[in-house]
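Residues per chain are reported as follows:
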Amino acid sequence: MSIVEHRVLGDHRGQLIAIEAVRDIPFEIKRIFYIYGAQPNTPRGQHAHHKTRQYLIAVSGSCHVTLDDGENKATYILNQPNLGLMQEAMIWGTMHDFSHDCVLLVLASEHYDEADYIRDYDQYVKVVGA
Ligand code: T46
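Residues numbered from 1 in each chain as written. Predicted model: local features only at pLDDT ≥ 70, side-chain atom pairs only at ≥ 80, totals over all residues. Heavy atoms only, no water.

Asker: Honestly, the sheet that holds strand β1 (residues 3-5) in this entry has me stumped. Any pointers?
Answerer: By definition, the strands of a sheet pair up through backbone hydrogen bonds, in either a parallel or an antiparallel sense. Taken in spatial order, the five strands of this open sheet run β1-β9-β6-β11-β4, and their pairing is antiparallel. The sheet is open, and its two edges are formed by β1 and β4 (31-36), each paired on a single side. Averaged over all pairs of adjacent strands, the angle between strand axes in this sheet comes to 25 degrees, irrespective of strand direction. Here strand β6 (residues 54-60) runs beside strand β11 (residues 103-108); their pairing, made up of six bridges, is antiparallel. Bridged to I57 within β11 is L105. (Pairing = 2+ DSSP bridges. Helix = DSSP H or I, 4+ residues; strand = E, 2+ residues; numbered from the N terminus. Axes fitted to C-alpha atoms, helices over the stretch in contact; angles between N-to-C directions.)

Below, the structure written as structure tokens:
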């Protein structure tokens, strides 16, 4: 997984970024949600999904995202609205170090279903077989 840089379509009126399902991200979008007003010292996420794939964009401000496959961890910085990060299913994700103005937009491949979440890290490591 790595940061994707999307083309910025700009002119004298300002900037525009277009992201198309399947073409620019590898799934059909069934849900969007966004986080704002997050506290810099309070991480969010801290779970994995059995099935849901997510694409994360800090459309305003910045945050860090740590992705963990049970063996390896990598931390990414989302600090421009044209940067996106794919979080595949069965990857443990933690969003942290939010700037005060961060709006984190998430495009998701599935409708919301709490049964799709693994919120316990020990259980996650067992399921992923790491
Ligand atoms: C993720 C990070 C970035 C819903 O009712 N529908 C939804 O689509 C979502 C995402 C959440 N909820 C409810 C469930 C909880 O009662 O909203 C409440 C807060 O959700 P959660 O504690 O999961 O929030 P975060 O910020 O820890 O995690 C969320 C997403 O769940 C997660 O997939 O990657 O945002």
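Asker: Where do I start with the side chain of H49 in this structure?
Answerer: Counting through the fold element by element, H49 comes out in strand β5 (residues 44-49). Those residues in contact with H49 that lie beyond four places of it in its chain are Q54, A89, M90, D116 and Y117. (Contact = heavy atoms within 4.5 Å.)

Asker: Would you take a moment to explain the nonpolar core for this structure?
Answerer: Generally speaking, soluble globular proteins have nonpolar side chains that are buried together. Counting residues in hydrophobic clusters, the biggest one holds 17 residues, and the most contacted among them are V65, L78, F98 and L104. Listed by contribution, the elements that provide at least two residues to this core are β6, β7 (63-68), β8 (73-78), β9 (83-87) and β11. For L104, the residues in contact, after removing those within four places along its chain, are F33, Y34, I35, L56, I57, A58, C63, L78, M95 and F98. Grouped together as the second largest cluster of nonpolar side chains are seven residues, F27, Y55, I57 and M86 included. (Core = buried A, V, L, I, M, F, W, Y, C linked by side-chain atoms within 4.5 Å. Buried < 20%, exposed > 50% of the residue type's maximum accessible area, 1.4 Å probe, protein only.)

Asker: Help me understand the pairing of β8 in this model?
Answerer: Side-chain positions along a regular strand alternate between the two faces of the sheet. Pairing analysis gives six bridges linking β7 to β8, with the strands arranged antiparallel. Bridging from a neighbouring strand, D68 pairs with K73 of β8. In this antiparallel pair of consecutive strands, β7 and β8, the connection spans four residues, and G70 shows a positive phi of 95 degrees.

Asker: Just to check I follow, could you spell out the site of the ligand for this structure?
Answerer: Near the ligand you find R31, F33, I35, R44, G45, H47, H49, Q54, M95, Y112, Y117 and R119, and these make up its full shell. Contact distances for the ligand include 3.1 Å between an oxygen atom and a side-chain N or O atom of H49. Between the ligand and Y117, the relevant distance is 2.6 Å, taken from an oxygen atom to a side-chain nitrogen or oxygen of the residue. For the ligand, whose free accessible area comes to 640 Å², the fraction covered by protein is 67%. Secondary structure elements with two or more residues in the shell around the ligand: β4 and β5. It is β5 that contributes the most residues to the shell around the ligand, four residues altogether. Residue composition of the shell around the ligand, grouped by class: five nonpolar, four polar and three charged. (Near = heavy atom within 4 Å. Polar contact = N/O pair within 3.5 Å; in protein donor to acceptor, adjacent residues only side chain to side chain. Areas by Shrake-Rupley, 256 points an atom, 1.4 Å probe, with all protein chains shown as cover. Nonpolar A, V, L, I, M, F, W, Y, C, P; charged D, E, K, R; others polar.)

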